[in-house]
Protein chains: 2
Amino acid sequence: MSTSAKTTDRPPTEHACAIHRSLDLLGEKWSLLIIRDAFRGTTRFSGFRDSLGVPSDILTARLATLVGAGVLERRAYREPGARERSSYHLTARGLALKTVLVALQEWGDEFVPNPGGPVTLVRRAGTHEHVALVFVDDAGTPVPPAAPA
Amino acid sequence: MSTSAKTTDRPPTEHACAIHRSLDLLGEKWSLLIIRDAFRGTTRFSGFRDSLGVPSDILTARLATLVGAGVLERRAYREPGARERSSYHLTARGLALKTVLVALQEWGDEFVPNPGGPVTLVRRAGTHEHVALVFVDDAGTPVPPAAPA
C-alpha cells in the first residue's frame, strides 16, 4: 500500500492531531532511516540502498513520498559517461526533523541499548560539546519531566 | 510481516544505531499513535480501536509488540457480568517516549499545519505554562539549531 501519490498531490492535513499528520508523512521505519542517512551526508539512491538494505522498489517509493512532502529535494547530477541521475538533499523542513531523530536516538540509547554503548552522540558544531533535548518554558527555563498531562 | 514474536523474545539490539533500534520497536504509524492515545488516557482495546479506526488484528499485534517491548504493560480488569479483559498502561520506558511525540507534534504543527491552528499545546503540569523542546549543552544552556553535523 503506497501513499506516495496521495502525499505528493495533497499534504494529509485531514487529522486535527499534529502527531497523526506527521506520521502520515513519516510513519514507517524506512522513511525516518532515509532521513537519518541524509543527515549523515548520503545523497544518492545507491548510497541509501547500500546503507539500509532496503528493496529498490520501496526505496523509490519512499524517496518520492519524501520529495512530495517537501522533506527532501531532488537534484540532477551526471557522472562522466553515465546517464543523468537524481540526488536527494534535506530541505529546511527536513532539517527540522533533527529533533525527532535525536529524541528517537536518546530513547534508543537509554531503553534499547547497544551492548557496546552509544555509537553517536549529538555534539555542538564547532565546540563538539555534548548536547541533549530538554523541555523548556517560554522563558527558556528547563522543565523537569512530568507524568502525562 | 509481523515482528511481534521477535521483539517479545529478544529486543532487536543488532543495529549499532540507536535510531534504527528504536524504529525496529516503534517504526510504523499505528505503534506511535497507540502510544499517543495511551498518553491521553486510553487504556482499553475498544478505546484504541475506536479512536484510531485501526483494524482489530493489527491493533492486537501492535499492542502485543508494545507489551513485549516493555513500552506498555497489560493489566486485567472485569466489568460486572463480563469476561476478564486486558487494559494497557504506559511503563517508565513508554512515558519516556514523550520527547519523541512532542518532537513529532512540534514538527507537524510547523510543517504540516492544521487549517484551524494547533490543537494541543504541551503545557507544564500545575502551572499550564507552555513548554517546548530545545537542545542544551551539559551546563543546561540552550544551543541554537545548526546544520547537520
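Residues numbered from 1 in each chain as written. Chains lettered and ligands numbered in written order. Predicted model: local features only at pLDDT ≥ 70, side-chain atom pairs only at ≥ 80, totals over all residues.

Engineer: Looking at this structure, how should I read the overall build of chain A?
Structural biologist: Along its length, chain A carries seven helices and four strands. Moving toward the C terminus, one meets the helices and strands of chain A in the order α-α-α-α-α-β-β-α-α-β-β. Burial statistics for chain A: of 149 residues in total, 32% are counted as buried. Counting only contacts in chain A whose residues sit at least 6 apart along the sequence, the fraction spanning at least 24 positions is 42%. (Helix = DSSP H or I, 4+ residues; strand = E, 2+ residues; numbered from the N terminus. Buried ≥ 20, exposed ≤ 12 C-beta atoms within 10 Å, placed from the backbone. Contact = placed C-beta atoms within 7 Å.)

Engineer: What is the right way to look at the pairing of strand β2 (residues 84-90) of chain B in this model?
Structural biologist: Regular strands show a simple pattern: their side chains alternate between the two faces of the sheet. Residues and elements named next belong to chain B. In this structure, strand β1 (residues 72-78) lies alongside β2, joined through seven bridges in antiparallel fashion. When the bridges of β2 are listed, R78 appears paired with E84. Where β1 hands over to β2, the hairpin turn is made up of five residues, of which G81 adopts a positive phi near 80°. (Pairing = 2+ DSSP bridges.)

Engineer: Sorry, what's going on with the sheet that holds strand β4 (residues 142-143) of chain A here?
Structural biologist: Two strands in a sheet stick together by hydrogen bonds in their backbones, pointing the same way (parallel) or opposite ways (antiparallel). One open sheet holds the four strands; their spatial order is β4(A)-β3(A)-β3(B)-β4(B), and the pairing between them is antiparallel. Where the open sheet ends on each side, the last strands, each with one partner, are β4 of chain A together with β4 (142-143) of chain B. Pairing of strand β3 (residues 131-137) of chain B with β4 of chain B involves two bridges; the strand directions are antiparallel. For V136 of chain B, the partnering residue across the bridge sits in β4 of chain B and is P142 of chain B. Running over the sheet, helix α7 (residues 98-111) of chain A touches β3 (131-137) of chain A together with β3 of chain B and is turned about 110° from β3 of chain A. (Axes fitted to C-alpha atoms, helices over the stretch in contact; angles between N-to-C directions.)

Engineer: Where do I start with the environment of A76 of chain B in this structure?
Structural biologist: Residue and element names in this part refer to chain B. Within the secondary structure, A76 sits in strand β1. On a C-alpha basis, the gap between A76 and S86 in space is 4.6 Å, while along the polypeptide they are ten residues apart. The contacts of A76, once residues within four sequence positions are left out, are E84 and S86.

Engineer: Explanation requested: the environment of L26 of chain B in the structure shown.
Structural biologist: All names here are of chain B. By the secondary structure assignment, L26 is in helix α2 (residues 18-26). Note: C-alpha distance between L26 and G116 (90 residues apart in sequence) is 29 Å. Once residues within four sequence positions are removed from consideration, L26 is found in contact with S31 and L32.

Engineer: For this particular structure, what's the right way to read the nonpolar core?
Structural biologist: Soluble globular proteins: nonpolar side chains tend toward being buried together. Ranked by size, the top nonpolar core spans 58 residues in total, and within it I34, V100 and L104 of chain A together with I34, V100 and L104 of chain B carry the most contacts. Every residue in contact with L104 of chain A, bar those within four places of it in the chain, is listed here: I19, S22, L23 and V100 of chain B. (Core = buried A, V, L, I, M, F, W, Y, C linked by C-beta atoms within 7 Å.)

Engineer: When you look at the packing of helix α2 (residues 18-26) of chain A against helix α7 (residues 98-111) of chain B in this model, what are you seeing that I'm missing?
Structural biologist: Geometrically, a packed helix pair is captured by the angle between its two axes and the distance between the axes. Contact geometry of α2 of chain A with α7 of chain B gives a least axis separation of 7 Å together with a crossing angle of 85°. Taken together, α2 of chain A and α7 of chain B sit at an angle that is classed as roughly perpendicular. Taken together, the residues of α7 of chain B that come into contact with α2 of chain A (itself represented by A18, I19, R21, S22 and L23 of chain A) are L101, L104, Q105, W107, G108 and D109 of chain B. Among the residues forming the contact of α2 of chain A with α7 of chain B, the class breakdown is six nonpolar, three polar and two charged. (Parallel < 35°, antiparallel > 145°, perpendicular 65-115°, else oblique. Nonpolar A, V, L, I, M, F, W, Y, C, P; charged D, E, K, R; others polar.)

Engineer: Explanation requested: the packing of α7 of chain A against α7 of chain B in the structure shown.
Structural biologist: Taken N-terminus to C-terminus, the directions of α7 of chain A and α7 of chain B make an angle of 175°; their axes are 8 Å apart at the nearest point. Relative to α7 of chain B, the element α7 of chain A is oriented roughly antiparallel. In this structure, α7 of chain A uses T99, V100, A103, L104, E106 and W107 of chain A to contact α7 of chain B, whose residues at the interface are T99, V100, A103, L104, E106 and W107 of chain B. In terms of residue class, the contact of α7 of chain A with α7 of chain B is made up of eight nonpolar, two polar and two charged.

Engineer: It is not clear to me how helix α3 (residues 29-39) of chain B should be interpreted in this structure. Could you clarify?
Structural biologist: Note on helix geometry: an α-helix contains 3.6 residues per turn, so any two residues three or four positions apart are oriented the same way. Of all eleven residues making up α3 of chain B, eight are buried, and the element is well covered by its neighbours. Taken as a whole, α3 of chain B has its buried residues at W30, S31, L32, L33, I34, I35, R36 and A38 of chain B.

Engineer: How should I be thinking about the confidence of the model for chain A in this particular structure?
Structural biologist: Any segment with low pLDDT has predicted coordinates that should not be analysed in fine detail. Within chain A, residue pLDDT values average 82, and 79% of them lie at 70 or more. Interface confidence for the predicted complex, given as ipTM, is 0.78, next to a pTM of 0.79. (pLDDT = per-residue confidence, 0-100.)

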